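Coordinate inspection notes
Here are the chains, one letter per residue:
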Amino acid sequence: MIMINNRLHGFQRSCRSVAFPRWTTVDASAHKLLVYLVFVFLSVTLPIAAGAKDNSDVVSAKSFGKTAKDEPVTLYTLTNKDGMSVSLMDYGAAVVNLLVPDRTGKLDDVVLGFESVAPYFTQTAYFGATIGRYGNRIANGSFKLGDHTYQLPKNNGPNSLHGGLNGFDKQLWKVEHKESNPPSIRFSRVSPDGEEGYPGKLSVNVTFTLTEKNQLRISYQATTDKPTIINLTNHTYFNFAGAGNRTILDHIVTLHANAFTPVDSTLIPTGKIQKVAGTPWDFQTAKPIGKDIKAVGGDPVGYDHNYVLEGGASCAAEVYDPASGRLMKVVTDQPGIQFYTGNFLDGTLTGKGGKVYPQYGGFCLETQHYPDSPNHPNFPSTLLKPGQVYKTTTVYAFSTK
Ligand code: GLA
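Remember, predicted model here, so these are calculated numbers, not experimental data.

Further remarks concern unusual backbone geometry. Here the residue pair Gly-132 and Arg-133 is connected by a cis peptide bond, since its omega of 0° sits within 30 degrees of zero. With respect to the secondary-structure elements, Arg-133 resides in the loop between β6 (130–131) and β7 (137–138). Each neighbour pair has its own omega, and for Asp-299 with Pro-300 the value is 0°, a cis peptide bond. Along the chain, Pro-300 turns up in the loop between α4 (293–296) and β21 (304–308). We note that Asp-70 has phi near 70°; this positive angle belongs to a residue other than glycine. Among the structural elements, Asp-70 can be located in the loop between β1 (59–66) and β2 (72–79). For Asn-140, which is not glycine, the phi dihedral falls at a positive 55°.

The structure is reproduced here in structure tokens:
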């Protein structure tokens, strides 16, 4: 049984207002199942009884182009009463647009992306995508399960990155269900046994919900028919000045993590858990992203590191843009968060509105297990066995100050 730790220290510290599911294990007891069924029954019947409208005003759909195999790709938009909206496409189950109010109420699109699906086929930035089966890197694309060594495609130097050449970001997902109160959409797919070298047939879904409190909640669920490894995340690049307007170096970040996992020159963890205090990686007290970025080094220079979280529904990160007043808090049940500052962006991608995305044009906060966990017995396990349910939630909560 996979346990989801329910300690709330960090969460209570500063993300108190962020609603978060409070399950303690992923295997629902009969009691929980009953409560859940009653809840589902009421949420379906009550709106009908109350004569609620259909969900077309809060979940809209339009064509976003076609895949190489000529399959239609659809862009769905969820809108809440505050006017905040998120648009998601079924290709890659990806966040494409996110309109968030600034302190004067003006909406701006704060995520990097493109105006149609075609540029997503070739870009290697993973804009907005659902990443799987294994977010981040696996050293030499190789890992052992039991007596068997599995070899994955190497798509990032000597390593495997973000699920391989045709990871979940390159797949067309099914839309399984849409809800209007609050607006929500679920994408699902069955990843066949052996897809991109991973064992087991994996049934997976990801649900995006936009709450009335301007929170974007992403919940993942998966089951397998053979032991496998899993590490799902979302790869949205945020820029609170509006995508393509300036870099994020002046955004002020707090990371509620006192340690990170240092990496080698190919960005594979060395296995150490290193304290951040006194290093350029220390964001325990809020500071601008650009303040110590040069001292971090790397090629290209910048943050591309996994921070160690305390687990439970922890408040992992806060990002504030003083110019617009936009503030985002990230709450997650995951043990790690990859802080990536768009180091590999180099001005060659032109995104929405014809805007060029420069280096540091966006930042990602990818909630996850640690990179290369299958090859580090001291890291939390990413093993998923038949009969278990992989279940994880991350909330990106927006406000202004
Ligand atoms: C991740 C990685 C980065 C980079 C980006 C995509 O976040 O950690 O090194 O590969 O994806 O460009």
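A few words now on the layout of surface pockets. There is about 500 Å³ of room inside the second largest pocket. Along the walls of the second largest pocket sit 28 residues, with Thr-124, Ala-125, Tyr-126, Leu-161 and Phe-344 positioned nearest its centre. When grouped by side-chain class, the residues that make up the lining of the second largest pocket number ten nonpolar, twelve polar and six charged.

Another point: the site of the ligand. Around the ligand, the structure places 14 residues, and the nearest of them are Arg-137, His-162, His-235, Asp-304 and Glu-366. The contact in question runs from an oxygen atom of the ligand to an N or O atom on the side chain of Asp-304, over 2.3 Å. Contact with the protein chains hides 96% of the accessible area of the ligand, taken as 300 Å² for the molecule alone. Under a 2 Å grid-point criterion requiring more than half of the atoms, the pocket assigned to the ligand is the second largest pocket. Of the residues that constitute the shell around the ligand, the class distribution is seven nonpolar, four polar and three charged.

An order of β11-β12-β13-β14-β29-β23-β22-β17-β20 is seen for the nine strands of this open sheet, with the pairing classed as antiparallel. Looking at the sheet topology across the chains shown, the edges are occupied by β11 (174–180) and β20 (287–288).

This part covers empty space enclosed by the protein. For the coordinates displayed, the defined rule picks out four cavities of 30 Å³ or more. Of the pockets and cavities examined, the largest cavity occupies roughly 50 Å³. Considering every element that reaches the lining of the largest cavity, the biggest residue donor is β21, with three residues. Among the residues forming the lining of the largest cavity, the class breakdown is three nonpolar, five polar and two charged. Reported here for the second largest cavity is a volume of approximately 40 Å³. Looking at side-chain class alone, the lining of the second largest cavity contains six nonpolar, two polar and two charged residues.

Attention shifts here to the environment of Asp-372. Within the secondary structure, Asp-372 is located in the loop between β27 (364–368) and β28 (383–384). Along the primary structure Asp-372 and Pro-269 are separated by 103 residues, whereas in three dimensions their C-alpha atoms are 7.0 Å apart. One polar contact links the side chain of Asp-372 to the main-chain amide nitrogen of Ala-139, over a distance of 3.0 Å. In this structure the side chain of Asp-372 is engaged in a polar contact, spanning 3.1 Å, whose partner is the side chain of His-376.

On to the side chain of His-369, then. Looking at where His-369 falls in the secondary structure, it is placed in the loop between β27 and β28. Beyond its immediate stretch of four places on either side in the chain, His-369 contacts Asn-231, Gln-334, Pro-335, Pro-380, Ser-381 and Thr-382.

Within the largest apolar cluster, 58 residues are counted, with the highest numbers of intra-cluster contacts made by Leu-98, Tyr-307, Phe-339, Phe-363 and Leu-365. Per-element accounting of this core gives the leading share, five residues, to strand β13 (residues 202–210). Leu-98 has contacts with Met-84, Ser-85, Val-86, Asp-108, Asp-109, Val-110, Val-111, Leu-216, Phe-238 and Phe-398, leaving out every residue within four places of it along the chain. Listed in part, the 23 residues of the second largest apolar core include Phe-127, Tyr-237, Leu-345 and Cys-364.

Rules used throughout
Residues numbered from 1 in each chain as written. Predicted model: local features only at pLDDT ≥ 70, side-chain atom pairs only at ≥ 80, totals over all residues. Heavy atoms only, no water. Helix = DSSP H or I, 4+ residues; strand = E, 2+ residues; numbered from the N terminus. 1 Å grid on protein atoms, 1.4 Å probe; cavity = no way out; pocket = protein on both sides within 12 Å on 5 of 7 lines; lining within 4 Å. Points joined across faces, edges and corners; volume = space filled by probe spheres on them. Nonpolar A, V, L, I, M, F, W, Y, C, P; charged D, E, K, R; others polar. Near = heavy atom within 4 Å. Polar contact = N/O pair within 3.5 Å; in protein donor to acceptor, adjacent residues only side chain to side chain. Areas by Shrake-Rupley, 256 points an atom, 1.4 Å probe, with all protein chains shown as cover. Sits in = over half its atoms within 2 Å of the grid points. Pairing = 2+ DSSP bridges. Contact = heavy atoms within 4.5 Å. Core = buried A, V, L, I, M, F, W, Y, C linked by side-chain atoms within 4.5 Å. Buried < 20%, exposed > 50% of the residue type's maximum accessible area, 1.4 Å probe, protein only.

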